[in-house]
Amino acid sequence: MMHYKREDLGFSFELPDGWKRDEHNLTLTFYGPNGGLGRTSELIQIGIGAILPQYFSPQSREKFLAEPGAEVLRSRVGDEDNAVLLKRARDSEISVVRDAVHYTISFAHDAVTKVAIECLKRTARFPSPQQAQSALRSASNPEHQAVARMLRGQSPVPAASTPARTGASKGFLGRSMGLFRGERVAQQCETCPKQMQVLEFSGKGRVSLSPRDLASGIGQAEQCWECARLYCAECYPSRPQNTCVCGRGRDSVRHVGTIVYRGSLRLVKVRYLT
Ligand SMILES: [Zn+2]
Ligand SMILES: [Zn+2]
């Protein structure tokens, strides 16, 4: 048996031997012994999320899911019978609502997957109402989402209304003028289209970011000491360490207060505009 458990939620189930999780897929994906990337058999995908209250009842989802050529049936997963099965020609989907959390289980129609789905339905365990509540709260909390993005190495989502001066020059003069006059011009990441405004260089060797900062689109980036080019939080980890495309300052050592900076780049606090 293969046991799966989502630790933060407490949702778990088992699949027969030979099934494995695809760790590279953002969607919770499981392949059977002969399944794999790009294959449409021996495949189970699971989505977990929130759902609008008007779809809590199975009757409302039966109506919503109905589509031409598909059959809508009631089902049962674990000890939950708020489960609607949508049977299509090639694949099927079970929609389960439990304590306001929506689980969708999509699966192929081959014999191996059918056995696995029966196993999943038999062994599924749902979180307690308290666990479900706290998962829903944190999923809809913008600060929690922003911190989760940072932990995944993504840059913050720009705030909806950001005072930005667009059309700023990408040239060296435009960049440095903005910096040295303290004027916050939009500046593009050197290696992707992201636009940022430099807010602050702390001189403390690090950038302090509160969950509130992250939720309002403020994050960190690397900036070249020499040419002021910026590298966004998603681009700089994949670049050669502490070097800039301008090629200058690679071997430099700078002392700011008690902090020693080596190489071309320093961390700065930025506001993401795009
Ligand atoms: Zn970038
Ligand atoms: Zn540079």
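Bear in mind that the values here come from a model prediction, so they are computed numbers and not experimental data.

What counts, and at which threshold
- Starting from 1, residues in each chain are numbered consecutively following that chain's sequence as written.
- Both sets of labels track the order of writing: A upward for chains, 1 upward for ligands.
- Local features are withheld for residues below a pLDDT of 70 in this predicted model, meaning they are given only at 70 or higher, and side-chain atom pairs are given and counted only at 80 or more; totals for whole chains, interfaces and linings count all residues.
- Only DSSP runs of H or I covering at least 4 residues are called helices, and only runs of E covering at least 2 are called strands; the numbering of each starts at the N terminus.
- For the radius of gyration, the atoms used are the C-alpha atoms, and the globule rule reads 2.2 Å times the number of residues raised to 0.38.
- Counting other C-beta atoms within 10 Å of its own, a residue is labelled buried from 20 upward, exposed at 12 or fewer, and partly exposed in the gap between, with every C-beta atom placed from the backbone.
- Two strands qualify as a pair provided DSSP detects at least 2 bridges between them.
- In this description, a residue-residue contact is defined by the distance between C-beta atoms placed from the backbone, which must lie within 7 Å.
- Each axis is a line fitted through C-alpha atoms, taken for helices only over the stretch in contact, and angles between the N-to-C directions span 0 to 180 degrees.
- The term nonpolar core refers to a set of buried Ala, Val, Leu, Ile, Met, Phe, Trp, Tyr and Cys residues connected through C-beta atoms within 7 Å.
- pLDDT gives the predictor's per-residue confidence on a scale running from 0 to 100.

Asks: I'd like a rundown of the overall build of the chain, residues and numbers included.
Replies: Regarding its fold elements, the chain presents 6 helices and 16 strands. By the compact-globule yardstick of 19 Å for 274 residues, the chain is too spread out, its C-alpha radius of gyration being 25 Å. A total of 274 residues make up the chain; the buried ones form 28% of that total.

Asks: Give a description of the sheet that holds strand S12 (residues 218-224) that names residues and reports values.
Replies: Taken together, 5 strands build an open sheet; the order of strands is S10-S11-S16-S12-S13 and the sheet is antiparallel. The open sheet has two free edges, formed respectively by strand S10 (187-188) and strand S13 (230-232), since each of these has just one partner strand. Of the strand pairs in this sheet, S12 and S13 are connected by 3 bridges, and their pairing is antiparallel. Each bridged residue has a counterpart across the sheet, and for Ala221 the counterpart in S13 is Cys232.

Asks: Mind laying out the pairing of strand S14 (residues 253-256), listing which residues take part and the relevant values?
Replies: Inspection of the sheet shows S14 paired to strand S15 (residues 259-262) by 4 bridges, in the antiparallel sense. The residue of S15 that forms the bridge with Val253 is Arg262. In this structure, the hairpin formed by S14 and S15 is closed by a connection of 2 residues, where Gly257 is found at a positive phi of approximately 60°.

Asks: Run through the sheet that holds strand S9 (residues 101-108), naming residues and quoting values.
Replies: A sheet is described by the order of its strands in space; here 7 strands give the open sequence S3-S4-S5-S9-S8-S7-S6, paired in antiparallel fashion. With partners counted over all chains shown, the strands left at the sheet margins are strand S3 (20-21) and strand S6 (71-77), one partner each. The strands that helix H1 (residues 58-65) touches are S6, strand S7 (80-87) and strand S8 (91-98); relative to S7, the one it contacts most, it runs at about 10°. Docked against the sheet, helix H2 (residues 111-123) engages strand S5 (43-50), S6 and S9, running at close to 35° with respect to S5.

Asks: Account for the nonpolar core, with residues named and values stated.
Replies: Grouped together as the largest cluster of nonpolar side chains are 27 residues, with contacts concentrated most on Ile44, Ala83, Ile94, Val96, Phe107, Ala116 and Leu120. Those residues in contact with Ile44 that sit more than four places away from it in its chain are Phe30, Ile105, Phe107, Thr113, Ala116 and Ile117. Listed in part, the 11 residues of the second largest apolar core include Met196, Val198, Tyr231 and Val270.

Asks: How would you explain the confidence of the model for the chain if you had to name every residue and give the values?
Replies: Taken as a whole, the chain shows an average pLDDT of 84; of its residues, 90% reach a score of 70 or greater. In this model, residues 162-183 is a region of pLDDT below 50 whose contacts with residues beyond four sequence positions or in other chains number 27 contacts.

Asks: Tell me about the environment of Asn34, and please be specific about residues and values.
Replies: Within the secondary structure, Asn34 is located in the loop between strand S4 (28-31) and S5. Taking the number of C-beta atoms within 10 Å as the measure of exposure, Asn34 has 11 and is therefore exposed.

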